[in-house]
Amino acid sequence: MEEIDEYADAVLAALDLVPPGRITSYGRVAQYVGRSLGRGGPRQVAKVMRDYGASVAWYRCVKSDRSLAVEVAWRQAEMLSSEGVPLRNGRVPKEYWFDLPS
DNA sequence: CATGAGGCCGCCT
DNA sequence: GAGGCGGCCTCAT
C-alpha cells in the first residue's frame, strides 16, 4: 500500500475544491490535508504540485502573502488572468481569496 | 504595509 | 547517516 499517492491525491482533491477565479495558499492546503492525514507541510504540498500538479489547477495556489511563487510566477500570472484574477502589483487582491473548509 | 530572520516537514544527494 | 534545499509559513521589526 503506498500512502504516498494518498497524500498527493488529498492535495489534488483539496485544490480541486477551489472554485475558478479564486485562490488559496499552499499552507492552507497543507493544513487542510494535514488535518486528515496528519502529516505534510506547505513545502510538501508544493512538491506534490510540481509532480502531479499538472493535472489540476495548480495556479489557484499562491503564497500566504498572496504573491506568486517566483519559479512559476510568469505562467501562473497568465493562467490567473484567464480565470479573471487580476494581479495587483504582483499580488492577488484578497477579495479573490478562498478559504478551504477546516 | 514591506523586510528580515527563524523554523517546520519531507525529500534528495 | 548527515547535510542541504524547496513553487513555504509565521512572528518580529
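Residues numbered from 1 in each chain as written. Chains lettered and ligands numbered in written order. Predicted model: local features only at pLDDT ≥ 70, side-chain atom pairs only at ≥ 80, totals over all residues. Heavy atoms only, no water.

- The name an unreviewed UniProt entry assigns to chain A is Alkylated DNA nucleotide flippase Atl1, from the organism Antricoccus suffuscus.

**A word on the protein's contact with DNA strand B**
No. 1: With respect to spatial proximity, the complete set of residues near DNA strand B consists of Arg-39, Gly-40, Arg-43, Gln-44 and Arg-91.
No. 2: Side-chain polar atom of Gln-44 to a sugar or linking oxygen of DNA strand B: 3.0 Å apart, as the coordinates give it.
No. 3: In this structure, a phosphate oxygen belonging to DNA strand B sits 2.5 Å away from a side-chain N or O atom of Arg-91.
No. 4: Its residues placed into classes, the surface near DNA strand B shows no nonpolar, 2 polar and 3 charged. (Near = heavy atom within 4 Å. Polar contact = N/O pair within 3.5 Å; in protein donor to acceptor, adjacent residues only side chain to side chain. Nonpolar A, V, L, I, M, F, W, Y, C, P; charged D, E, K, R; others polar.)

**Focus on the protein's contact with DNA strand C**
No. 1: Taken together, 14 residues form the shell around DNA strand C, and within it Tyr-26, Arg-43, Met-49, Lys-63 and Ser-64 come nearest.
No. 2: Protein-proximal atoms of DNA strand C, defined as those within 4 Å of the protein, fall in sugar or phosphate at a share of 42%.
No. 3: Between Gly-27 and DNA strand C, the recorded distance is 3.2 Å, taken from a backbone N or O atom to a phosphate oxygen.
No. 4: In the environment of DNA strand C, a base nitrogen lies 3.2 Å from a nitrogen or oxygen atom belonging to the backbone of Trp-58.
No. 5: Mapped by element, the contributors of at least two residues to the surface near DNA strand C are helix H2 (26-37) and helix H3 (42-52). (Helix = DSSP H or I, 4+ residues; strand = E, 2+ residues; numbered from the N terminus.)

**A short note on H3**
No. 1: Of all the positions in H3, only Val-45, Val-48 and Met-49 are classed as buried. The buried residues of H3 occupy one face: seen down the axis, they fall within an arc of 100°. For H3, the exposed residues set more than 90 degrees away from the buried face come down to Arg-43 and Arg-50. (Buried < 20%, exposed > 50% of the residue type's maximum accessible area, 1.4 Å probe, protein only. Arc of directions from axis to C-beta.)

**Examining the layout of surface pockets**
Regions of empty space are outlined by a rolling probe, equal in size to a water molecule, passed over the atoms.
No. 1: Put simply, the largest pocket is a space of about 600 Å³.
No. 2: In this structure, the largest pocket is lined by 13 residues; those nearest its centre are Tyr-26, Ala-46, Arg-50, Ala-69 and Val-72.
No. 3: Within the residue set of the lining of the largest pocket, elements represented by two or more residues are H2 and H3.
No. 4: Residue composition of the lining of the largest pocket, by class: 7 nonpolar, 1 polar and 5 charged. (1 Å grid on protein atoms, 1.4 Å probe; cavity = no way out; pocket = protein on both sides within 12 Å on 5 of 7 lines; lining within 4 Å. Points joined across faces, edges and corners; volume = space filled by probe spheres on them.)

**Here we look at the side chain of Gln-76**
No. 1: Within the fold, Gln-76 resides in helix H4 (residues 73-82).
No. 2: For Gln-76, a relative accessible area of 0% translates into the label buried.

**What about the pattern of salt bridges?**
No. 1: According to the stated counting rule, one finds 1 salt bridge in the structure shown.
No. 2: A salt bridge links Arg-60 to Glu-83; the nearest nitrogen and oxygen atoms lie 3.3 Å apart. Of the two residues, Arg-60 is situated in the loop between H3 and strand E2 (61-62) and Glu-83 in the segment after H4; the sequence distance between them amounts to 23 residues.
No. 3: A residue is classified by how much of its surface remains accessible, and Arg-60, at 11% relative accessible area, is buried. (Salt bridge = Lys/Arg side-chain N within 4 Å of Asp/Glu carboxyl O.)

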